[in-house]
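Chain by chain, the residues:
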Amino acid sequence: DVKVTQSSRYLVKRTGEKVFLECVQDMDHENMFWYRQDPGLGLRLIYFSYDVKMKEKGDIPEGYSVSREKKERFSLILESASTNQTSMYLCASSLTGTGAYEQYFGPGTRLTVT
Amino acid sequence: GENVEQHPSTLSVQEGDSAVIKCTYSDSASNYFPWYKQELGKRPQLIIDIRSNVGEKKDQRIAVTLNKTAKHFSLHITETQPEDSAVYFCAAEGSGAGSYQLTFGKGTKLSVIP
């Protein structure tokens with residue numbers, strides 16, 4: 001059974017702080033993803049990674065960076081948090097192959113920036 | 001990149017009736033179309049998916065149909081039950097360098113009225 005975990009369920013940070021969100025998967029998946037979810041906007045891709053130390057920008061990468069030093073762990077970094085980054089952040093992982101496969105999601109981190 | 005439109009944004013049905021959610025996509029090279037269900041406060045989970053080599057797939061009360069020519073696909077839920085109440089997201093895979101990733105629709109909030 002695939003398990004994707006995220007470091008925090010709820011997080012409150014101040015404007016300008018550096019924020020780290022961590023995601024760990026235990027199924028040896030090559031691909032990992034970070035999304036933010038906002039009401040009425042669905043799931044928007046921030047960054048994804050298809051291998052260790054590899055990353056690709058998604059649709060809304062501005063203000064974010066990522067790190068993947070180990071296959072099972074994918075971190076999202078907010079260099080200087082702003083109030084418009086208040087959101088639900090979801091991590092996901094999937095196998096790789098010819099095209100896309102099912103993505104398994106973590107429970108989400110609700111980040112509030114004040 | 002891929003663009004996915006999903007309709008309607010909200011849907012209310014009486015228990016026992018059918019529900020249909022429709023999505024269109026823009027990239028004719030997309031070959032994988034999953035549907036995710038997200039219950040309140042929970043993570044999105046795959047409920048059914050379809051690849052472009054078939055036109056329809058069923059799993060008990062849910063079915064997905066795909067029309068590649070028209071670039072649209074639909075989710076059908078028959079004999080709806082209160083536990084079907086959730087937000088449903090359609091998605092389509094990217095193409096080229098982004099073929100591992102999914103582009104999601106904005107979601108449909110389904111309410112099943114007992």
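Everything below is about the structure shown above.
What you see is a predicted model; the values in this text were computed from it and never measured.

Q: When you look at the overall build of chain B in this model, what are you seeing that I'm missing?
A: Helices and strands together make up the secondary structure of chain B, namely zero helices and 11 strands. Going residue by residue from the N terminus, the α and β elements of chain B occur as β-β-β-β-β-β-β-β-β-β-β. Relative to the 2.2 N^0.38 estimate, which gives 13 Å for 114 residues, the radius of gyration of chain B is 14 Å and therefore close to what a compact globule would have. C-alpha atoms of chain B, sized along the principal axes, occupy 45 × 30 × 20 Å. For chain B, with 114 residues in total, the buried portion stands at 46%. Considering only contacts in chain B between residues 6 or more positions apart, those separated by 24 or more positions represent 54%. Split by element, the accessible area of chain B, about 5,600 Å² in all, is 47% carbon and sulfur.

Q: I'm lost on the overall build of chain A in this one. Help?
A: When you go through chain A residue by residue, the secondary structure sums to zero helices and 11 strands. Along chain A, from the amino end to the carboxyl end, the secondary structure elements read β-β-β-β-β-β-β-β-β-β-β. For a compact globule of 114 residues, the expected C-alpha radius of gyration is about 13 Å, and chain A comes in at 13 Å, within 12% of that figure. Taking the principal axes of its C-alpha atoms as reference, chain A extends roughly 40 × 30 × 25 Å.

Q: Sorry, what's going on with the environment of I46(A) here?
A: Residues and elements named next belong to chain A. Tracing the chain through its elements places I46 in strand β5 (residues 42-49). Judged by its relative accessible area of 0%, I46 falls in the buried class. Residues I46 and S75, spaced 29 residues apart in sequence, show a C-alpha to C-alpha distance of 12 Å. Once you skip the residues sitting within four places of it in the chain, I46 turns out to touch W34, Y35, R36, K57, G58, I60, P61, Y64, L76 and Y89.

Q: Teacher, can you tell me more about the sheet that holds strand β3 (residues 19-25) of chain B here?
A: Strand pairing in a sheet takes place through backbone hydrogen bonds and is either antiparallel or parallel in direction. All names here are of chain B. Taken together, the five strands give an open sheet; going across it, the order is β1-β3-β8-β7-β6, and neighbouring strands pair in antiparallel fashion. At either margin of the open sheet sits one strand with a lone partner, and together these are β1 (4-7) and β6 (56-59). Each strand of the sheet is rotated relative to its neighbour by a mean of 15 degrees, with strand direction disregarded. Pairing geometry for strand β7 (residues 62-67) and strand β8 (residues 72-77), over six bridges, is antiparallel. Among the inter-strand pairings, I62 is bridged to a residue of β8, identified as I77.

Q: So what exactly am I meant to see when it comes to unusual backbone geometry here?
A: With glycine set apart, most residues show a phi of negative sign, and most peptide bonds adopt trans. Residues and elements named next belong to chain B. Residues H7 and P8 are joined by a peptide bond in cis, for which omega reads -5 degrees. Relative to the helices and strands, P8 is located in the loop between β1 and β2 (10-14). Positive phi values are uncommon outside glycine, yet Q60 reaches one of about 60 degrees. Residue Q60 is classed as exposed on the basis of its relative accessible area of 81%. Despite not being glycine, K71 shows a phi value in the positive range, around 60 degrees. With respect to the helices and strands, K71 occurs in the loop between β7 and β8.

Q: I keep staring at the sheet that holds strand β7 (residues 64-70) of chain A and nothing clicks. Help me out?
A: All names here are of chain A. The strand order across the open sheet formed by four strands is β1-β3-β8-β7, and the pairing between neighbours is antiparallel. Two strands lie at the open edges of the sheet, namely β1 (4-6) and β7, each paired on one side alone. On average, each strand axis in the sheet is tilted by 20 degrees relative to the strand beside it, whichever way the strands run. Two strands pair when backbone bridges link them, and β7 and strand β8 (residues 73-78) are joined in this way by five bridges, in the antiparallel orientation. Bridge pairing in β8 links S67 to S75.

Q: Help me out: how do you make sense of the pattern of salt bridges in this one?
A: Side chains that differ in charge, positive against negative, can pair when their charged atoms come close. Following the criterion strictly, the structure yields 10 salt bridges over all chains and no others. With its nearest N and O atoms 3.1 Å apart, the salt bridge here joins E22(A) to R73(A). Of this pair, E22(A) sits in strand β3 (residues 19-25) while R73(A) sits in strand β8, and the two are 51 residues apart along the sequence. The shortest N-O distance in the salt bridge between E39(B) and K37(B) comes to 3.4 Å. Taken together, the salt bridges that share partners define one network made up of R36(A), D38(A) and R44(A).

Rules behind the numbers
- Residues numbered from 1 in each chain as written.
- Chains lettered and ligands numbered in written order.
- Predicted model: local features only at pLDDT ≥ 70, side-chain atom pairs only at ≥ 80, totals over all residues.
- Heavy atoms only, no water.
- Helix = DSSP H or I, 4+ residues; strand = E, 2+ residues; numbered from the N terminus.
- Rg over C-alpha atoms; globule rule 2.2 N^0.38 Å.
- Buried < 20%, exposed > 50% of the residue type's maximum accessible area, 1.4 Å probe, protein only.
- Contact = heavy atoms within 4.5 Å.
- Areas by Shrake-Rupley, 256 points an atom, 1.4 Å probe, with all protein chains shown as cover.
- Pairing = 2+ DSSP bridges.
- Axes fitted to C-alpha atoms, helices over the stretch in contact; angles between N-to-C directions.
- Salt bridge = Lys/Arg side-chain N within 4 Å of Asp/Glu carboxyl O.

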